[in-house]
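# Breakdown of the fold
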Amino acid sequence: MRISEIGSPEHRPSHNDSLSQLLSQLECSIKEGELLSPEKPLPTNLSSDLRSTLSQLSSLVPFSNSIKLQIWKLSFRLWNACVDLSNAAGVRASSDKAGEEVVKLRQVSADMLLLAGNVDGVPSPALKSASFYYKTGLIWHELRRFDLAASCFEKATDLTAKLDVAIISDPGERKLLLDLNIARSRTAWDVADRNLAVTLLNRAKNLLSGSAEHYKALGNQYLIFGKSALSKIKGSGVKEALKLMNEALDLFEKGLSTARTRNGTEDLKASRSKCLRFIAAVHLQGEEFESVLKCIRVLREGGGDRHPCLPVLAMKAWLGLQRYGEAEKELRSMVVNKGVPESIWVSAVEAYFDAAGAAGAETTKGLFLGLLDRCHVSAGAAVRIAFRVVGEGGSGDGARVRAKVAAELVSDERVVALFAGEAAAKDRTAMHAVLWNCAADHFRLKDYVTSAEMFEKSMLYVPYNIENRILRAKGFRVLCLCHLGLSQLDQAQEYINEAEKIEPNIACAFLKFKIYLQKNDHNAAIHQMQGMTTCIDFTPDFLSLSAHEAIACRAIPVAVASLSNLLDFSSGKAMPTTEVAVLRTLVTILAHDSGCEQEILKFMKRAHLRMSELGPDCFFGKGEVGRRERNWFAVNAWNFGSNAGKEKNYEACAEFFRLASEFYSVVLDGEMEENSIMVCKSLTLSVSAMVAAEKQRQVPLLDTEVKQAIKLLERAGKTLSSISSRTQLDEDQATAIKPNLFFIYTFNAYDLHGRLNDLGSQQLQLVKTFASSKFCNPNHLLQIGLNASQGPQSNHEVATFALTECLSAFLSSPSPDYQNIALIARRLISVASIHRGETDDDAVYAMYKQAYRIMVGLKDGDYPTDEAKWLAVTAWNRAAMPVCLGQADAAKKWMNMGLEVASKVAGMDTYRSCMEDFVVDFAKKHAQIDDDGESK
């Protein structure tokens, strides 16, 4: 600081001037406070101005007695102004800013007294100042400003700490000291400083001074703390509560010994009884049931306490000891006690039933009905009792017993009467919900008898009006379901008819459908199913559901009709399931019933038609799902065709195999090519079935049918040609393509081409192709050759080729089949004889010669004897014509062939001797003729 800034002594304000100026400022601020009105907002700077002035005054202490007295007066003026403001404004909430400003002014008033200190002529100035802090702290506590409240109480405690309590004679001052400790303890408790709170209460015992009122006040605070501790769930809370309540009980009993007035005694007795009741509650929470009963016994015997909670506590204690008889007595005593409120009685009944369970259901019902006779009971109480009796779910005999008792309870006319009128609408809805939920629980457990009974009782709480029409219809529908579950179909039909009268909808129509199904009235069920489509709220899902129900009841015609209707109804519309799934289900259902081949074929054809219209990807689906669906239809068409063939239903067999070929030929998204092998097999077998059906019905195929069959075989032939031309087949193809398939294809193709007046070249080419394939079998060639060698459509070229190839194959075998060889030789000779005639005698002779060479070297019996005899005899007979015509060379040729063959046949010795004699005679005769001719 510069020297020039230091004021001279002449210019400094004197001590008295400063004090007077500050007191004047203080008084002005207080006057401003006295003029405040609660209707106007309080200035927020008033308390801060006062505190600033007070802070400046604190630097001028000590004060003279007159100044102190002036400060005291100003403090009281400020305090009274605050009191007036509070009285005018009334009780303010903790969020009221104006209220907080008033409390701040009160605290400034208390601080003024603290600053002034003791004043001569004012009795007990410290206690008066402490009272200001005490009252201010109480208000801060109400505003839940616990820090400020604790500060006020601590300042008040400091002011009274040095006082000798023993010499204080004024009751109000002694009460102030006690209330101060209690208030400070309460604030410590609210900030969770439990130890300090209890310590302060214990200190307060030294301030009781033998006053019954003091004992009561301190005991009540202990009791309040005990109740607060009791709300804690943990075991430590129960122990703490019991300790605090015992302290309160001790104080109440001591207070009774000091009480001098009747009112004081009665108040303490009431507080003592209240404390004992809470102690009993604490023991009950700690499951110390014997202690509970002791407390109740003391209350009843000592003071004749008849508080409504005592029977409840006693009953719960007896229940805890599992002495249900005594608990029931306590419960029944409440029925005759008109002073017991309804809520307490209902709570007791709930507790009793929770402990006794189903065994107490009948007792609960009787007690409640007895209560109806004694006094008015609300509908809400009836709902609570019904809820407790019914329980929350469960199964077994206990749940059924509870439901039965509840049904008897709620159906009592007196109980039903409680819910009459609009005032009980909410409780009526609640009772209906309780009974409905109970019935639903038993329905889920398939206890339909109990469920039906509870649903019926719930209908008692549904008014007969338009607003509840839907609820009543719903009740009838669920009753229908219950009786369906019990197979009581007539009763079920009665209920659903009632429901339909109230609210006709798809649910009613569907339930009637179920009833017809269970009655096995398939025609009525189908008619009802068809009628469902006319309901306003109908959706295709119900047709699908109808099919499921019909399948479950094994009503195949109904299931088929439902799914058929689903296909027809949803044509071009959204369906609950895919069309391919519906068709698959239809086929599956029909497959379980014999004699449905035509129906199955109809839906298979429909599937093929829809596939063609929509495209494979749209009909079957894409990816793996589509492939599975495609394969299902293809495989089943194949299986149905196989079964039809075994049953000799060749017409259906042909259709199924043709459909199988169509399904197998479908190429879906992601596939490279069709299943050509299965397509080929299906086409081939389809044509075979057509030919078999022709023979079965003995009606020739029309030309159009023949041409259609040839087209199918041409498709199969392309696949066979492709496969047979491969040098190596994989394992699957080798397994799938069997020689029989190629033979069947060739045999049928040969037959059908012959019917179109084919010149034979196409037939010959077919057989040659077969003979050159990897799948050729000599036996198959034999069949083709035999077939071509006979009948009106015989083809000697095909027959000759097939039999010749077959003969070569048999001869090249390690173990030749001479039976077939002999047959082939005879047939070749026959064919040559018929188609070549006598003009090609050498060719026929060559075949005999080949047969003879085959026989050379064989053992007797290897070559069939009959066939060998036939060769010998026919060769010999062929010489007859040349002999007659005098063709000696030709005759000798055939006679020698006959003799050669006969020489290889056992058993022809006699024939051979005759033949030899004839040959000798013929030679002589021919030689003589020759000689005569030369002589001439």
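So, a few notes on the structure that sits alongside this text. (Residues numbered from 1 in each chain as written. Predicted model: local features only at pLDDT ≥ 70, side-chain atom pairs only at ≥ 80, totals over all residues. Heavy atoms only, no water.)

### Observations regarding the nonpolar core
Grouped together as the largest cluster of nonpolar side chains are 152 residues, with contacts concentrated most on Leu57, Met112, Phe419, Met431 and Met454. Listed in part, the 136 residues of the second largest apolar core include Val560, Ile829, Ala832 and Tyr848. (Core = buried A, V, L, I, M, F, W, Y, C linked by side-chain atoms within 4.5 Å. Buried < 20%, exposed > 50% of the residue type's maximum accessible area, 1.4 Å probe, protein only.)

### Details of the pattern of salt bridges
Considering all chains together, one arrives at 31 salt bridges under this definition. Of the charged contacts in the structure, one is a salt bridge between Glu655 and Lys605, with a shortest N-O distance of 3.8 Å. Linking Glu655 in helix H32 (residues 650-664) with Lys605 in helix H29 (residues 597-614), this pair joins segments that are 50 residues apart in sequence. Of the residues examined, Lys605 reaches a relative accessible area of 36% and is grouped as partly exposed. Each of Arg51, Asp111 and Lys155 takes part in one network of salt bridges that share partners. (Salt bridge = Lys/Arg side-chain N within 4 Å of Asp/Glu carboxyl O. Helix = DSSP H or I, 4+ residues; strand = E, 2+ residues; numbered from the N terminus.)

### Describing the environment of Ala880
Looking at the element boundaries, Ala880 is found in helix H43 (residues 880-885). The partly exposed category is assigned to Ala880, whose relative accessible area is 41%. Considering only alpha carbons, one finds Ala880 and Ala890, ten residues apart in sequence, at a separation of 9.7 Å.

### What to know about the side chain of Asn505
Within the secondary structure, Asn505 is located in the loop between helix H23 (489-502) and helix H24 (506-518). Among the polar contacts listed, one links the side chain of Asn505 to the backbone nitrogen of Ala507, at a separation of 3.3 Å. The residues contacting Asn505, other than those within four sequence positions of it, are Arg477, Cys535 and Asp537. (Polar contact = N/O pair within 3.5 Å; in protein donor to acceptor, adjacent residues only side chain to side chain. Contact = heavy atoms within 4.5 Å.)

### Looking at the packing of helix H22 (residues 469-485) against H24
Between H22 and H24, the shortest axis-to-axis distance is 11 Å and the interhelical angle comes to 15°. By the angle between their axes, H22 is roughly parallel relative to H24. As H22 runs across H24, the sense of the crossing is left-handed. Side by side, H22 and H24 meet where Arg477, Cys480, Leu481 and Leu484 of the first sit next to Ala507, Cys508, Leu511, Lys514, Ile515 and Gln518 of the second. Of the residues contributing to the contact of H22 with H24, the split by class is seven nonpolar, one polar and two charged. (Axes fitted to C-alpha atoms, helices over the stretch in contact; angles between N-to-C directions. Parallel < 35°, antiparallel > 145°, perpendicular 65-115°, else oblique. Left-handed = near helix turned anticlockwise from the far one by under 90°. Nonpolar A, V, L, I, M, F, W, Y, C, P; charged D, E, K, R; others polar.)

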